[in-house]
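# Fold and contact review
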There are 4 protein chains.
Amino acid sequence: MAGCCHRLRLDDSARDDARQRLRSVRGHVDGILRMLDQEDTYCVDVLKQVKAVQGALDRVGGLVLRAHLRDHVTTANERGDVEEMVEELMEVLKYR
Amino acid sequence: MAGCCHRLRLDDSARDDARQRLRSVRGHVDGILRMLDQEDTYCVDVLKQVKAVQGALDRVGGLVLRAHLRDHVTTANERGDVEEMVEELMEVLKYR
Amino acid sequence: MAGCCHRLRLDDSARDDARQRLRSVRGHVDGILRMLDQEDTYCVDVLKQVKAVQGALDRVGGLVLRAHLRDHVTTANERGDVEEMVEELMEVLKYR
Amino acid sequence: MAGCCHRLRLDDSARDDARQRLRSVRGHVDGILRMLDQEDTYCVDVLKQVKAVQGALDRVGGLVLRAHLRDHVTTANERGDVEEMVEELMEVLKYR
């Protein structure tokens, strides 16, 4: 994995933003768990909440991806790890 | 929303299965939060974990959807709420 | 496959709508092929066109799905093929 | 758009591969059109074919994306258009 040997790490502001959003994702998951404890919970309401959490996770993925493109992928040619960076990214982008 | 007036509710076994999976999703989100606390966390590792959580949520959505189709959609014609059930489902399925 | 023995067929108006949209998809694909013949075609422009065609196909899928839900899935309980209809639909919905 | 002023263009081998796949996509779309002309065509069969075409388009998108990452994004820092390249890519990747 390219990152470890090149000391490539996730940028601090993207890290804080991701942390904040993931905490709200966790709260949202707890909310769905509470829904499931209610006797008359309706399936479609649960489906809508699951989708909302997935949307929030998409946004976490988006901000981490942006930081990665900006800090690591756009400098790959200078570092000499183009092939590795491209294949790694193609793998993680599959079925996002 | 069709469910509330018709007393349509999520089936118990799907409910338990969803509960269990959501608890593991929450644990997984905590794992990503711990990753973000590590100084040298690499972006692509975070992206992979976010995708894994989304996959787990897909499976939660899948089992709730299956219960909903089986228990509520396939009997809509007899209940007389075909149009409502179809539109509600089309909305929640939009680009799952 | 449930459809063949039960004489379940795609409704005419959905069929016409799908036909029309698919013809425009074909024209759109031809447009991308022409783009590829231009010497200085830029990758991102091709990617945008491919995504536009996928969006159009999503809409074709959406209108066929709606017709299927309305005409076949909501009457499955009366026909007695609930399990088959649900599993068939879950399969085709996976990663739409 | 970054590409035009910097003379960034889609690499020839990716271009040929994309061309070939798009021709087979067109043939596949024609196949679905023929399906729609058959009186007893079943909805789920049409849905499966639409999904197959979308999968083929995913692969066209994937090979163009790979060429773009390798030829243009990984050299953005040296060219000085990092911000533009990253935003352009984030836009086109949005829920691929």
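Residues numbered from 1 in each chain as written. Chains lettered and ligands numbered in written order. Predicted model: local features only at pLDDT ≥ 70, side-chain atom pairs only at ≥ 80, totals over all residues. Heavy atoms only, no water.

Basically, it comes down to this: UniProt positions are given in the numbering used here, feature names are shortened, and annotations may be inferred rather than shown by experiment.
The name given to chain A in an unreviewed UniProt entry is Copper-sensing transcriptional repressor CsoR, and the organism recorded there is Alkalispirillum mobile. We quote the UniProt Subcellular location (unreviewed entry) comment for chain A here in full: "Cytoplasm". The UniProt entry for chain A carries the following text under Sequence similarities (unreviewed entry): "Belongs to the FrmR/RcnR family."

### So, the relation of the copies chain C and chain B
Both copies of the chain are tied together by a single rotation about an axis and a shift running along it. Here is the rule: For this overlay, a least-squares fit was computed on C-alpha atoms, restricted to residues scoring pLDDT of at least 70 in both copies. It only takes one pair of heavy atoms within 4.5 Å for two residues to be counted as in contact.
By a simple turn and slide, chain C fits onto chain B: the slide is 0.0 Å along the axis, the RMSD is 0.0 Å, and the turn is 180°. Accordingly, the operation relating the two chain copies is best matched by a two-fold axis. Closest approach to the rotation axis among the C-alpha atoms of chain C is made by C:Thr74, whose C-alpha sits 2.1 Å away. Most of the interface of chain C is mirrored in chain B, where 95% of its interface residues again form contacts.

### Let's talk about the interface of chain C and chain B
Operational definition: Buried area adds together the accessible area that both of two parts lose upon being put together, with accessible area traced by a 1.4 Å probe. In what follows, salt bridge is the name for a side-chain nitrogen of Lys or Arg lying within 4 Å of a carboxyl oxygen of Asp or Glu.
Between chain C and chain B, the contact holds 20 residues from the first and 20 residues from the second. When chain C packs against chain B, close to 1,900 Å² is buried across both sides, 66% of that on carbon and sulfur atoms. In terms of surface lost to chain B, no three residues of chain C exceed C:Arg66, C:Thr74 and C:Met90, which account for 28% of the buried area on that side. Linking chain C to chain B there are two salt bridges.

### Some details on the environment of B:Leu47
Residues and elements named next belong to chain B. As a reminder, the rule being used: A run of H or I in DSSP becomes a helix once it reaches four residues, and a run of E becomes a strand once it reaches two; helices and strands are each numbered from the N terminus. Using a 1.4 Å probe on the protein chains alone, a residue whose accessible area is under 20% of its type maximum counts as buried, one over 50% counts as exposed, and one in between counts as partly exposed.
Relative to the elements of secondary structure, Leu 47 occurs in helix α3 (residues 43-71). Accessibility expressed as a relative area gives 7% for Leu 47, which makes it buried. Sequence spacing of Leu 47 and Ile 32 is 15 residues, and the spatial spacing of their C-alpha atoms is 9.6 Å.

### Quick word on helix α5 (residues 82-93) of chain C
We count it as follows: The span you would expect from a helix comes to 1.5 Å times its residue count less one.
Spanning 12 residues, α5(C) covers 16 Å between terminal C-alpha atoms, matching the ideal 16 Å at 1.5 Å per step. Buried within α5(C) we find C:Val82, C:Met85, C:Val86, C:Glu88, C:Leu89, C:Met90, C:Val92 and C:Leu93.

### A closer look at the interface of chain D and chain C
As a reminder, the rule being used: Nitrogen and oxygen atoms within 3.5 Å of one another constitute a polar contact, given that in protein one can donate a hydrogen and the other can accept it, and given that sequence-neighbouring residues count only through two side-chain atoms.
Contact with chain D, which involves 50 residues of that partner, is made by 51 residues of chain C. Summing the contributions of chain D and of chain C, the shared interface buries around 4,400 Å²; its carbon and sulfur component is 68%. Interface area lost by chain D to chain C is led by D:Leu36, D:Tyr42 and D:Leu47, which between them contribute 15%. On the surface where chain D and chain C come into contact, there are four salt bridges. With its nearest N and O atoms 2.7 Å apart, the salt bridge here joins D:Arg26 to C:Asp30. Where chain D touches chain C, the interface holds 23 residue pairs in polar contact (both at pLDDT 80 or more). Elements represented by at least two residues in the side of chain D that touches chain C include exactly α1 (2-5), α2 (12-37), α3 (43-71) and α5 (82-93) of chain D. With 17 residues, α3(D) is the single largest residue contributor to the side of chain D that touches chain C.

### Regarding the side chain of B:Arg19
Note that B:Arg19 resides in helix α2 (residues 12-37). Residues contacting B:Arg19, with those up to four places away along its chain left out, are A:Leu33, A:Leu36 and A:Asp37.

### Quick look at the pattern of salt bridges
Under the defined criterion, the tally for this structure stands at 40 salt bridges over all chains. One salt bridge in this structure joins C:Arg70 and C:Asp11, with 3.8 Å as the shortest N-O distance. Remark: C:Asp11 occurs in the loop between α1 (2-5) and α2 (12-37) and C:Arg70 occurs in helix α3 (residues 43-71); sequence separation between them is 59 residues. On the basis of relative accessibility, which here comes to 29%, the residue C:Arg70 falls in the partly exposed class. Accessibility expressed as a relative area gives 22% for C:Asp11, which makes it partly exposed. For the salt bridge of C:Asp81 with C:Arg79, the shortest nitrogen-to-oxygen distance reads 3.0 Å. We classify C:Arg79 as partly exposed; its relative accessible area is 27%. Among the charged side chains, a network of salt bridges with common partners joins A:Asp11, A:Arg70 and A:Asp71.

### Some details on the packing of helix α3 (residues 43-71) of chain A against α3(B)
Put simply, the rule is: Angles here are taken between N-to-C directions and fall from 0 to 180 degrees, while the axes themselves are lines fitted to C-alpha atoms, restricted in helices to the stretch in contact. Angle categories: roughly parallel below 35 degrees, roughly antiparallel above 145, roughly perpendicular from 65 to 115, and oblique for all the rest. Helix crossings fall into two classes, left-handed where the near helix is turned counterclockwise from the far one by less than a right angle and right-handed where it is turned clockwise. Each residue gets one label: Ala, Val, Leu, Ile, Met, Phe, Trp, Tyr, Cys and Pro are nonpolar, Asp, Glu, Lys and Arg are charged, and the others, such as Gly, are polar.
Running from N to C, α3(A) and α3(B) point in directions that differ by 165°, and their axes come no closer than 10 Å. The angle between α3(A) and α3(B) places the two elements in the roughly antiparallel class. In this structure, α3(A) meets α3(B) at a crossing whose hand is left-handed. For the contact of α3(A) with α3(B), the residue count by class is 20 nonpolar, six polar and two charged.

### Examining the environment of C:Arg66
Among the structural elements, C:Arg66 can be located in helix α3. In this structure, C:Arg66 is in contact with B:Val86, B:Glu87 and B:Met90, ignoring residues within four places of it in sequence.

### A look at the packing of α3(B) against helix α5 (residues 82-93) of chain B
Residues and elements named next belong to chain B. Contact pair α3 / α5: the axes reach a minimum separation of 13 Å and the direction vectors enclose 170°. When the interaxial angle is binned, α3 and α5 end up roughly antiparallel. For the pair α3 and α5, contact is made by Leu 65, His 68 and Leu 69 and by Met 85, Glu 88, Leu 89 and Leu 93, respectively. Classifying every residue of the contact of α3 with α5 by side-chain character gives five nonpolar, one polar and one charged.

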